[in-house]
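Letter by letter, the chains look like this.
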Amino acid sequence: MVKNTMTPIEPREQWGTKFGFMLAAAGSAVGLGNIWRFPFVVGEGGGAAFVLLYLLFVLGIGLPLMIGEISIGRKGRANAMDSYKVISPKSKWYVNGLLGVIINFMILAFYSVIAGWAFYYFLLALTGQIISNDKDYGAAFSQFISHPFLPIITQILLMTIVALIVVGGVRKGIEKWNNILMPTLFILLIILVFRSVTLDGAKEGLHFFLNPDFSAITSTIVLAALGQAFFSLSIATGLYVTYGSYNQSQSSIPKNAAGVVFLDVVVAIMAGLIIFPAVFHYGIDPGRGPDLAFITFPTIFTDMPFGSIFAVFFFFFVFVAALTSAISLLEVPVAFAKEKFRISRKIATPITAMIITVLGIFCSLSFGPLSHIQIFDRTIFGLFDFVAAQVLLPISGLLLSIFLGWIWKPLGVKEEIERENNTFPFFKIWSFLIKYVIPIVIFIIFLEKIGLI
Ligand code: PHE
């Protein structure tokens, strides 16, 4: 066996408990992708047919890839790139790990903007300024995001918090935070689902969200659903390689992955069940785009008993969910920089965070002073989101499936998963999906999108 020959400057870290990995992975997956991005891409994609495609991709592509990605990390015991080198020392497959690091940079650049918005809304709620009966929430929100420096300040504050937690390291920083905050989000969402589905007109919203109209499916919608599945699960970014590399070998990878996927899907569906009934009840356009959640939620709270208290809790948890995902987005490049350039966490973290923040400022400004800059018909923010989620993530997923199915090979993955008496249920199905179905499906979706079929 080839050993990882790079000796990092600090000893490698490990999760403190068996649940550390699972919670941190769920913390990464559950985030703005579920509460902010999912509802607006479903709205733009026309509703239930999109949801169905998304679920299909989550189960058929996301889950199998996640199992493989965690295995790469646990076998390689190194960062997103070097783990590939440990498994396949003479090949160039480590490039896919490098691609993951680049994807994380791009995602965190625009993610930090939205997380900054969530942070700002939390502060508004806390100071009692979020709800008012005569407020036009759409106009107030546009005014905020187009402001030349306010959203940048919240973004920089947010990135500072993220960096401070990541400097704390795996156990004291990342694990501790996830353990406290993830479970409470759930309870709050359940209350809000209940509130929303009992509104007048909820039926129409539920119909939109749950009754598919297949005639509306286009190649654009298929690719968007695939991108959303990847984005929401944090798949193919090297995240699971990195977090998996801190794993204690006795935990069951398929069980952990299934748990993360389940939590992620449940939170997304709950967000949809909150947003769409309310959208129809209050006459909001479901296809209005990235501001959908930021307008719908305050509207719900305005009209709800104890609304201002719910608003505080809700935006706190959105902020926390965004924070745990942003932490994971920063951890991947930090772990890479730490081992690649043999620098300490204390140095790698602020440098990486600063570079990403600078990129992110351009994304933020594209809602205001730089909104006139259009590249391929998209704003800077739109371009970052599109390239990362709909181009690079599926490409990275395609490469990942080829690496797992044809280079490391299913039996190699099985051996890693079955260490210490663990089992790999559905191995045959997994292997078939990874070798044939996933690469072919992603490839066809791409050909279709660029108009070759
Ligand atoms: N999955 C996260 C979310 O849903 C975003 C994310 C993508 C995090 C990729 C890490 C890697 O909010």
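What counts, and at which threshold
- Residues numbered from 1 in each chain as written.
- Predicted model: local features only at pLDDT ≥ 70, side-chain atom pairs only at ≥ 80, totals over all residues.
- Heavy atoms only, no water.
- Helix = DSSP H or I, 4+ residues; strand = E, 2+ residues; numbered from the N terminus.
- Rg over C-alpha atoms; globule rule 2.2 N^0.38 Å.
- Buried < 20%, exposed > 50% of the residue type's maximum accessible area, 1.4 Å probe, protein only.
- Areas by Shrake-Rupley, 256 points an atom, 1.4 Å probe, with all protein chains shown as cover.
- Arc of directions from axis to C-beta.
- 1 Å grid on protein atoms, 1.4 Å probe; cavity = no way out; pocket = protein on both sides within 12 Å on 5 of 7 lines; lining within 4 Å.
- Points joined across faces, edges and corners; volume = space filled by probe spheres on them.
- Expected span 1.5 Å × (residues − 1).
- Near = heavy atom within 4 Å.
- Polar contact = N/O pair within 3.5 Å; in protein donor to acceptor, adjacent residues only side chain to side chain.
- Sits in = over half its atoms within 2 Å of the grid points.
- Nonpolar A, V, L, I, M, F, W, Y, C, P; charged D, E, K, R; others polar.
- Salt bridge = Lys/Arg side-chain N within 4 Å of Asp/Glu carboxyl O.

The name recorded for the protein chain in an unreviewed UniProt entry is Sodium-dependent transporter, from Anaerobacillus isosaccharinicus.

Time to look at the overall build of the protein chain. In terms of helices and strands, the protein chain carries 18 helices and 0 strands. In terms of overall dimensions, the protein chain is globule-like: its C-alpha atoms have a radius of gyration of 21 Å, near the 22 Å expected for 453 residues. Summarising its shape, the C-alpha atoms of the protein chain cover approximately 70 × 50 × 45 Å along the three principal directions. Residues classed as buried in the protein chain amount to 59% of the 453 residues present. Here the protein chain displays about 17900 Å² of accessible surface, and carbon together with sulfur accounts for 69% of that area.

Of the positions making up helix H9 (residues 202–210), those classed as buried are Ala 202, Gly 205, Phe 208 and Phe 209. The buried residues of H9 occupy an angular sector of 125° when projected down its axis, which confines them to one face.

Further remarks concern the layout of surface pockets. Approximately 450 Å³ is the volume attributed to the largest pocket. Lining the largest pocket we find 19 residues, and of these Phe 40, Glu 44, Arg 378, Asp 385 and Gln 390 sit closest to its centre. For the lining of the largest pocket, the secondary structure elements donating two or more residues are helix H2 (32–44), helix H10 (219–233) and helix H16 (380–408). Approximately 270 Å³ is the volume attributed to the second largest pocket.

Our next topic: helix H14 (residues 307–340). For H14, built from 34 residues, the straight-helix expectation of 50 Å at 1.5 Å per residue is met to within 8% by its first-to-last C-alpha distance of 49 Å. The buried count for H14 comes to 28 of 34 residues, which makes it a mostly enclosed element. Directly beyond the C-terminal end of H14, a positive phi value near 50° is found at Arg 342.

What follows deals with the site of the ligand. Taken together, 15 residues form the shell around the ligand, and within it Ala 29, Gly 33, Tyr 111, Phe 231 and Ser 234 come nearest. Between Tyr 111 and the ligand, the recorded distance is 2.5 Å, taken from a side-chain N or O atom to an oxygen atom. Phe 231 is positioned with one of its backbone polar atoms (N or O) 2.8 Å from a nitrogen atom of the ligand. Here the ligand, which alone exposes 320 Å², has 100% of that area covered by the protein. In this structure the site holding the ligand corresponds to the largest cavity. Class assignment of the residues belonging to the shell around the ligand gives a composition of 6 nonpolar, 9 polar and no charged.

We now examine the pattern of salt bridges. Using the criterion set out here, one finds 7 salt bridges in the structure. The partner of Arg 345 in a salt bridge is Glu 331, with the nearest N and O atoms 2.9 Å apart. Note that Arg 345 is positioned in helix H15 (residues 345–365) and Glu 331 in helix H14, a separation of 14 residues in sequence. Neither Arg 345 nor Glu 331 differs from the other in exposure class; each is buried. The partner of Arg 419 in a salt bridge is Glu 416, with the nearest N and O atoms 3.0 Å apart. Overall, the relative accessible area of 3% leaves Glu 416 in the buried class. Within the structure, one salt-bridge network assembled from shared partners comprises Arg 74, Glu 416 and Arg 419.

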